[in-house]
Amino acid sequence: LFPDHWGLVGGRNVPLGDSAQAHANPGAFLANLSSLDNDAIESFNTDFGQVIKGGEDGQYVFSVKEATNKDLFQFDLSVLARVFGEKLKELNLYGCSGMQGNIEVFKAMNIKTLN
């Protein structure tokens, strides 16, 4: 019934490695970023929908409005704060019930829209 190479074709009992996990989990993807560049943004948006938008001013918008699956967004807010730092101008997590952490991590940032 199952092929001999079941583990190679994504059998449910085979844990995903770190690299594969990052493309299935937005929190893991962001936590593993060493820098926020155009390639990383494009890869993230390919995997999870048009969530990160960069402006010509060097500021970013992180909005789950166009996410392919909002239920995947279940990670600590401090991950977003670390990745974007002062470069986050808008944050929209409306509909992401699994987000954790303290919204206060964004208090010192220059965010214009927080939802």
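Residues numbered from 1 in each chain as written. Predicted model: local features only at pLDDT ≥ 70, side-chain atom pairs only at ≥ 80, totals over all residues. Heavy atoms only, no water.

**Q** Before we go on, may I ask you to explain the sheet that holds strand β2 (residues 60–63) in this structure?
**A** Each strand in a sheet pairs with another by means of backbone hydrogen bonds, the pair being arranged parallel or else antiparallel. If you trace the four strands from one edge of the open sheet to the other, you get β1-β2-β3-β4, paired in mixed fashion. At either end of the open sheet lies a strand with only one pairing partner, and these are β1 (52–54) and β4 (113–114). Sheet topology places β1 next to β2; three bridges connect them, and they run antiparallel. Residue Lys53 lies in a different strand from β2, and its bridge partner there is Val61. Against the sheet, helix α4 (residues 77–84) contacts β1, β2 and β3 (88–92), and its axis sits at roughly 160 degrees relative to β2. (Pairing = 2+ DSSP bridges. Helix = DSSP H or I, 4+ residues; strand = E, 2+ residues; numbered from the N terminus. Contact = heavy atoms within 4.5 Å. Axes fitted to C-alpha atoms, helices over the stretch in contact; angles between N-to-C directions.)

**Q** Would you mind showing me how to read the pairing of β2 here?
**A** Here β2 shows a buried face lined by Tyr60 and Phe62 and a second buried face lined by Val61 and Ser63. The hairpin formed by β1 and β2 contains five residues between the paired strands, and Gly58 there has a positive phi angle of roughly 85 degrees. Where β2 lies against β3, four bridges are found, and the strand directions are parallel. For Val61, the partnering residue across the bridge sits in β3 and is Glu90. Between β2 and its parallel partner β3, the chain crosses via α4, and the hand of that crossover is right-handed. (Buried < 20%, exposed > 50% of the residue type's maximum accessible area, 1.4 Å probe, protein only. Right-handed = clockwise from strand over helix to strand, strands pointing away.)

**Q** Looking at this structure, I do not really get the packing of aromatic side chains. What am I missing?
**A** Note on aromatic pairs: each is described by the distance of the centres and the angle between the planes. Taken as a whole and assessed by the stated rule, the structure comprises ten aromatic pairs. With a centroid separation of 6.2 Å and an interplanar angle of 90 degrees, the aromatic rings of Phe29 and Phe48 are classed as edge-to-face. Of this pair, Phe29 sits in helix α2 (residues 26–31) while Phe48 sits in helix α3 (residues 38–48), and the two are 19 residues apart along the sequence. You can call Phe48 buried: its relative accessible area is 1%. (Phe/Tyr/Trp six-rings, centres within 6.5 Å; stacked < 30°, edge-to-face > 60°.)

**Q** Got a minute to help me understand the nonpolar core in this structure?
**A** Nonpolar side chains in soluble globular proteins tend to end up buried together. With 30 residues, the main nonpolar core has Leu30, Phe62, Phe73 and Leu80 as its most contacted residues. Secondary-structure elements contributing two or more residues to this core are α2, α3, β2, α4 and β3. With six residues, α4 is the largest single contributor of residues to this core. (Core = buried A, V, L, I, M, F, W, Y, C linked by side-chain atoms within 4.5 Å.)

**Q** Explanation requested: α4 in the structure shown.
**A** Residues lying three or four places apart along an α-helix face the same way, a consequence of the helix completing one turn every 3.6 residues. Among the eight residues that make up α4, six are buried, leaving the element largely enclosed by the rest of the structure. Here α4 has its buried residues at Leu77, Val79, Leu80, Ala81, Val83 and Phe84. Where α4 is buried, its residues contact α2, β1, β2 and β3. Positive phi shows up at Gly85, right after α4, with a value of about 55 degrees.

**Q** Explain the confidence of the model for the protein to me, please; I cannot follow it from the model alone.
**A** Low pLDDT means the predicted coordinates in that region are not meant to be read closely. Of the residues in the protein, 80% have a pLDDT of 70 or more, and the chain-wide mean is 82. Put simply, helix α1 (residues 18–22) is where the protein has its lowest mean pLDDT, 53, and β2 is where it has its highest, 95. Ignoring residues within four places in sequence, the model shows residues 11–16, a span with pLDDT below 50, making five contacts including any to other chains. (pLDDT = per-residue confidence, 0-100.)

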